[in-house]
Amino acid sequence: MIRLNPQAGPHVRNPGKVPSLMAMVIMALLPATLFGIYLFGLPALNTVVLCLLSAAFFEALCVWLVKKRISLVLFDGSALLTGLLLALTLPPWAPWWIAVGGSGFAIIVGKHVYGGLGQNPFNPAMLARVALLLSFPLQMTSWISPAPLFSATTPGFADALAITFNGTINSAINSAMPLDGFSSATLLGQVKTDLGQGQTLSLIFEGQYNLLFNSLGYTAGSLGETSALLIAAGGIYLIWQGVINWQLPVSMLASVALLAGLFHVIDPELYASPLYHLSSGALMLGAFFILTDPVTSPATLRGQILFGGGCGLLVFIIRTWGGYPEGVAFAVLLMNGMTPLIDHYLKPRQYGRNRRGQPLPMPDLTPPGEQS
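Small disclaimer: the values here were computed from a predicted structure and weren't measured. (Residues numbered from 1 in each chain as written. Predicted model: local features only at pLDDT ≥ 70, side-chain atom pairs only at ≥ 80, totals over all residues. Heavy atoms only, no water.)

Colleague: Can you walk me through the confidence of the model for the protein in this structure?
Modeller: Should pLDDT be low for a region, the predicted coordinates there are not to be read in detail. For the protein, per-residue confidence averages 85 on the pLDDT scale, and residues scoring 70 or more make up 86% of the total. Low pLDDT, under 50, characterises residues 170–181; the stretch is placed with 14 contacts to residues that sit more than four places away or in other chains. (pLDDT = per-residue confidence, 0-100. Contact = heavy atoms within 4.5 Å.)

Colleague: Any chance you could explain the side chain of Glu225 here in plain terms?
Modeller: Among the secondary structure elements, Glu225 is positioned in the loop between α11 (211–216) and α12 (228–240). For the buried Glu225, no salt bridge is present, and the opposite-charge side chain at shortest range is Arg129, 5.6 Å distant. Not counting residues up to four positions away in its chain, the partners in contact with Glu225 are Trp143, Thr186, Gly217, Ala220, Gly281 and Ala282. (Helix = DSSP H or I, 4+ residues; strand = E, 2+ residues; numbered from the N terminus. Buried < 20%, exposed > 50% of the residue type's maximum accessible area, 1.4 Å probe, protein only. Lys, Arg positive; Asp, Glu negative; His and termini not counted. Salt bridge = Lys/Arg side-chain N within 4 Å of Asp/Glu carboxyl O.)

Colleague: Explanation requested: the pattern of salt bridges in the structure shown.
Modeller: Close approach of charged atoms allows side chains of opposite charge to pair. Scanning the entire structure with this criterion turns up 2 salt bridges. Between Lys111 and Glu59 there is a salt bridge, with its nearest N and O atoms 2.9 Å apart. Note that Lys111 is positioned in the loop between α5 (96–109) and α6 (124–135) and Glu59 in helix α2 (residues 42–65), a separation of 52 residues in sequence. As far as burial versus exposure is concerned, Lys111 and Glu59 are alike and both buried. The partner of Arg319 in a salt bridge is Glu326, with the nearest N and O atoms 3.0 Å apart. Judged by its relative accessible area of 14%, Glu326 falls in the buried class.

Colleague: I keep staring at the environment of Asp343 and nothing clicks. Help me out?
Modeller: With respect to the element layout, Asp343 can be found in helix α17 (residues 328–345). Each C-alpha atom of the pair Asp343 and Ala299 lies 6.6 Å from the other, and the pair is 44 residues apart in sequence. When near neighbours in sequence (up to four residues on either side) are disregarded, Asp343 contacts Pro298, Ala299 and Thr300. Separated by 3.0 Å, the side chain of Asp343 and the backbone nitrogen of Ala299 make a polar contact. (Polar contact = N/O pair within 3.5 Å; in protein donor to acceptor, adjacent residues only side chain to side chain.)

Colleague: Got a minute to help me understand the side chain of Thr186 in this structure?
Modeller: Of note, Thr186 is situated in the loop between β2 (183–184) and α9 (187–196). A relative accessible area of 9% places Thr186 in the buried class. When sequence neighbours within four positions are dropped, the list of residues in contact with Thr186 reads Trp143, Ala220, Gly221 and Glu225.

Colleague: Would you mind going over unusual backbone geometry with me for this structure?
Modeller: Note: most residues except glycine have negative phi, and most peptide bonds are trans. Unlike most non-glycine residues, Lys67 shows phi in positive territory, near 60 degrees. Topologically, Lys67 is positioned in the loop between α2 and α3 (70–74). Despite not being glycine, Phe150 has its phi angle at roughly 70 degrees, a positive value. Summarising the element assignment, Phe150 is placed in the loop between β1 (143–144) and α8 (157–166). Judged by relative accessible area, Phe150 falls into the exposed class, the value being 81%.

Shown next as C-alpha cells:
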C-alpha cells in the first residue's frame, strides 16, 4: 500500500457547525447582556426574554408553514442569536409589543421571506431595528437612566411587569420616584441636540462626560450600548477562536477613528474625538457582532476591508450630519445592499490565473539535459 503524505490540501477550514458557531457568538454576548440587565433592572430582562421566545416562536412557525422539520432548524441557534441581537438594540424598558413585533419582523421578513438561513441579503436584526425606529420613533427613543438591580431606584417584580406589559413607565413608578429621574437621553442624542442649539463640545461635556464611565456603560442607551469594553472583549474572543475575521471590525473602527480624528483636529469644539465615537452608541456591537455576519458581508478579505471601511464612513456621516444620532443600523443595511457588487468586482484570484483572469505562464520543467 502506498501511503501519501500531502503537504497541502484544497480543503476549506471549518471551525464548527452552525449550532456551535451560534452558541459561541451568544456566549460572547452574554457578559454585556448580563451587565445590561444588571444596569437597567428586571424590565430589561423582560425585553431579552421576550425577544428570545418570540424569535424562536416565529422561527418554528415559518418552518412549520414550509413543512420542514422544526427541530432541525429551530435548534441551530440562529433564531436565538437574532432575537438576542435585536434585544441589545432596543430600549431596555421597551413595551412587550416592540420586542415581539420586532422579532417577528426580523425572522419573517428579514430571514424567511428570502429563503431562510444563509439566503438573507440584509441583517435581520438591523432590518427589524430600522423598521421599528421608522414606525414607532417615540417608543424606540424612550431611554432610561441606569437603575441597577438591588438599588433603591430599580423597579420590583410587579413594577417590571407593569412597565413591560402596560406599555407605560408611569404605572410602575411610585410618587417617591419621579419620572424625570428615570427618563434620559443617550449621550449621542444629547450631544447632537446641544450642538444643533449652538453649544460647544467643551460646554456640553463639562460635568456630563466621563470616558471611563461611558466605556463601561453607565449611561442611558440600549443594552448593546451598555459596555463597549465588554462587547469588544466578546468580539476579540470570537476573533481568537477563528469565528470572525479581524478585517471587518478593525476596518470599521479604524475608519470611524480616522475620520473623527481628522475632523476633531480641524475643529475640536464641533467634532468629537475618536475615543468618544468608539466608546459611544452601538459602534462596538455593530463592528464585532453585526458587521461580521458571514451571510450579509463580502466573501473576500479585500471586500471585507472595503465593506467595513464603508460602514465606518456612513456611521460617521450619519452621526455628524444626519438626522439620527446613531447610524450603525442604517450603515450596515446600506452596505449589505452593496455586498453583491463588492463580491462581483473583488473576486479572489483563480488558481493558475492572474487578477485579470489571464492564465499564468507555465514554468519550464524540462530537465536541463533534454532542453533543445
